[in-house]
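Residue strings, one per chain:
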Amino acid sequence: MSKTLPEIFSKYHPDEQDLRLLLSASPESVRLRCDRDQRIMEIGVDFPAPVRRADLFRIEAGIRRAYDLNFVRFLPHYPGAAFTEGYVPDLLAETNRMGIVANGFFNRCHYRLDGNRLDIEIPFSDSGVDLVTNAKTPALMEEIIRNEFGTEIKINIRREEGYDPSLYASELQTMQNAMSHEAAQAQKEYVRMQAQQAAYQGGPAVQETAVLPRIPSIYTDL
């Protein structure tokens, strides 16, 4: 019989709300990928319904502290029909975490889901939109949806209709300048992290039965 997430991560003691959330996940679906040297763990799991990213982020932090890890990340999977416009804020939250150029650009965005197309308007000039697009942010968002819901959604990011550059000119220009300045360095870091991630994901998925029972704290010799 497969173990539940609370049974696997027995050192982590969530509150009642987070415990219910973890217990809702399918035990048979749990897939762990681990890098013992880097102290990194990814947790793939199926949930019956979408989970708020804020909740997953909080649980990730709790597991990370409980097992003294450097990085913990959930890779949730949901029923395909569960992707709705209401999930977009959580999609943006994950995009902000993973994107080279994303954080801050969606703070005042407007969006609309029409069938398999998601239009996102951001209050930036065309150059700001180009910066987000050239960083492959739409492709990243499409990949997140594909991985989490197994469905194809086309992302279109464009300038907000009726955009008034004087509305928050100082704030937006400062952000845009900072993003432009950091984009090259962020690209290098992204490539480095992708290479590192590929190195420990190159082999087959590590099942929880193969990793966790062997250890006092998730990884052998940690």
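For the structure itself, consult the block above.
The present account deals with the structure reproduced in this document. None of the values given here were measured: they were computed from a predicted structure.

Structural notes on the sheet that holds strand β4 (residues 110–114)
Phase 1: With mixed pairing, the 3 strands of this open sheet are ordered in space as β4-β5-β6. Lying at the two open borders of the sheet, with one neighbouring strand each, are β4 and β6 (154–159). Strand after strand, the sheet turns through a mean of 15° between neighbouring axes, direction not considered.
Phase 2: Its contacts with the sheet place helix α5 (residues 126–134) against β5 (117–122) and β6, and it is angled at close to 155° to β6.

Some words on the packing of helix α2 (residues 16–23) against helix α3 (residues 53–66)
Phase 1: Contact geometry for α2 and α3: axes closest at 11 Å, N-to-C directions at 100°. As judged from the angle between their axes, α2 and α3 are roughly perpendicular. Residues Gln 17, Asp 18, Leu 21 and Leu 22 of α2 pack against Asp 55, Arg 58 and Ile 59 of α3.
Phase 2: Its residues assigned to classes, the contact of α2 with α3 comprises 3 nonpolar, 1 polar and 3 charged.

Description of the side chain of Glu 121
Phase 1: On the secondary structure map, Glu 121 appears in strand β5.
Phase 2: Of note is the side chain of Glu 121, whose polar atom sits 3.3 Å from the side chain of Arg 158.
Phase 3: Polar side-chain contacts of Glu 121 include one of 3.4 Å to the backbone nitrogen of Glu 161.
Phase 4: In contact with Glu 121, other than residues within four places in its own chain, are Cys 109, His 110, Arg 158, Arg 159, Glu 160 and Glu 161.

Looking at the environment of Asn 107
Phase 1: Mapped onto the secondary structure, Asn 107 falls in the loop between α4 (88–98) and β4.
Phase 2: According to the relative accessible area criterion, Asn 107 is exposed, its value standing at 56%.
Phase 3: Distance from Asn 107 to Ile 122, taken between C-alpha atoms, is 8.3 Å for residues 15 residues apart in sequence.

A short note on α2
One turn of an α-helix holds 3.6 residues; hence residues three or four places apart share an orientation.
Phase 1: Burial in α2 covers these residues: Asp 18, Leu 21 and Leu 22. Buried residues in α2, looked at end-on, bunch into an arc of 95°, giving them a common side. Exposed and facing more than 90 degrees away from the buried side of α2 are Glu 16 and Arg 20.
Phase 2: On the buried face of α2, the contacting elements are α1 (5–8), α3 and β3 (71–77).

Examining the pairing of β5
Phase 1: Of all 6 residues making up β5, 5 are buried, and the element is well covered by its neighbours.
Phase 2: As defined by bridge partners, β4 adjoins β5 across 5 bridges and the pair is classed as antiparallel. By the bridge assignment, Arg 112 is partnered in β5 with Asp 119.
Phase 3: Count of turn residues in the β4/β5 antiparallel hairpin: 2 residues, of which Gly 115 carries a positive phi of about 65°.

Brief notes about the environment of Glu 85
Phase 1: Relative to the helices and strands, Glu 85 is located in the loop between β3 and α4.
Phase 2: Sequence spacing of Glu 85 and Arg 112 is 27 residues, and the spatial spacing of their C-alpha atoms is 6.9 Å.
Phase 3: Every residue in contact with Glu 85, bar those within four places of it in the chain, is listed here: Tyr 111, Arg 112 and Leu 113.

Some thoughts on the nonpolar core
Where a protein is soluble and globular, its nonpolar side chains tend to be buried together.
Phase 1: Of all hydrophobic cores here, the largest spans 50 residues; its most connected members are Leu 5, Phe 9, Phe 106, Ile 120 and Ile 122.
Phase 2: For this core, the element with the most residues is helix α6 (residues 137–149), which contributes 5 residues.
Phase 3: In contact with Phe 106, not counting residues within four places along its chain, are Leu 92, Asn 96, Ile 120, Ile 122, Val 132, Thr 137, Met 141 and Ile 157.

Criteria and cut-off values
Residues numbered from 1 in each chain as written. Predicted model: local features only at pLDDT ≥ 70, side-chain atom pairs only at ≥ 80, totals over all residues. Heavy atoms only, no water. Pairing = 2+ DSSP bridges. Helix = DSSP H or I, 4+ residues; strand = E, 2+ residues; numbered from the N terminus. Axes fitted to C-alpha atoms, helices over the stretch in contact; angles between N-to-C directions. Contact = heavy atoms within 4.5 Å. Parallel < 35°, antiparallel > 145°, perpendicular 65-115°, else oblique. Nonpolar A, V, L, I, M, F, W, Y, C, P; charged D, E, K, R; others polar. Polar contact = N/O pair within 3.5 Å; in protein donor to acceptor, adjacent residues only side chain to side chain. Buried < 20%, exposed > 50% of the residue type's maximum accessible area, 1.4 Å probe, protein only. Arc of directions from axis to C-beta. Core = buried A, V, L, I, M, F, W, Y, C linked by side-chain atoms within 4.5 Å.

Everything listed here is a matter of geometry and, on its own, says nothing about what the molecule does.
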